[in-house]
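# Structural overview
These are the residues of each chain, in order.
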Amino acid sequence: MRVLLVEDEEKVASFIRNGLREEGYAVDVVYDGQDGLDMAESFDYDVIVLDLMLPGRSGLDVLTKLRQDRITTPVMVLTAKDSIQDKVKGLDSGCDDYLTKPFSFDEFLARMRALLRRCHDRSATNLVVADLVLDPVSHKATRDGKPLNLTAKEYALLEYLMRNAGRVISRAQIAEHVWDISFDTFTNVIDVHINHLRRKVDGEYEKKLIQTVRGMGYTIENK
């Protein structure tokens, strides 16, 4: 899943970005409120993590403008402003969660997962295609009950395909959601990762779930 992090403290931003990437998220980082607003209005993100005290444009102003523009991307406010009044103001302005600094990264990740579950409106926690099961909470996947040993990027790629099961997903869509803005679209990295993922998911099974749609992209389906 792709995350926009708007945080002007570079050490904090680096800590969060590195932690999220280790968990398989694609992360774009900006350090200015106006830049954050421009990115949020230009690209499709799954979650926005937003500080309130930012140069250029305040986080509260960014949040208000996003909601005025009918951008419904879940927003987690991450800020040192911890008064009840600040929390009420943030929630009333349209944020979906409010976490104060200092914070536990485990709690931060749990809140991220909760936002993603609400965003994708899944009644069940697990994603299931045929005998392939993915648990977004534990970040584990199995095929026919057997665990799949996936890298963080392979897991992110599989989750994105399974959340869009039955749809053809283009390379551009994969690049946008699974990698970050610095990704070089002229490389064959996506095809390489798809091939690695296909070997792990489909290799020993007669029924192949990950399909290539020539000239269009990839799909995962139960047919």
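Our structure's up above, just so we're on the same page.
Now for a look at the structure at hand. (Residues numbered from 1 in each chain as written. Predicted model: local features only at pLDDT ≥ 70, side-chain atom pairs only at ≥ 80, totals over all residues. Heavy atoms only, no water.)

### Observations regarding the sheet that holds strand β7 (residues 132-135)
Within a beta sheet, neighbouring strands are joined by backbone hydrogen bonds and run either parallel or antiparallel to one another. The 4 strands are arranged β6-β7-β8-β9 in an open sheet whose pairing can be described as antiparallel. Each having just a single partner strand, β6 (127-129) and β9 (146-147) make up the two edges of the open sheet. In terms of strand pairing, β7 meets strand β8 (residues 140-143) through 4 bridges, oriented antiparallel. Along β8, the bridge assignment pairs D135 with K140. Packed on one face of the sheet, helix α6 (residues 152-163) meets β6, β7 and β8 and runs near 110° to β7. (Pairing = 2+ DSSP bridges. Helix = DSSP H or I, 4+ residues; strand = E, 2+ residues; numbered from the N terminus. Contact = heavy atoms within 4.5 Å. Axes fitted to C-alpha atoms, helices over the stretch in contact; angles between N-to-C directions.)

### Some remarks on the side chain of R2
Locating R2 in the fold gives a position in strand β1 (residues 2-6). With a relative accessible area of 3%, R2 lands in the buried category. A polar atom in the side chain of R2 sits 2.5 Å from the side chain of D28. (Buried < 20%, exposed > 50% of the residue type's maximum accessible area, 1.4 Å probe, protein only. Polar contact = N/O pair within 3.5 Å; in protein donor to acceptor, adjacent residues only side chain to side chain.)

### Quick look at helix α2 (residues 33-42)
Taken together, the buried positions of α2 are G33, G36, L37, M39 and A40. Down the axis of α2, the buried side of the element spans an arc of 165°, and every buried residue falls inside it. Next to the buried residues of α2 lie β1, β2 (26-30), β3 (47-50) and α3 (59-68). (Arc of directions from axis to C-beta.)

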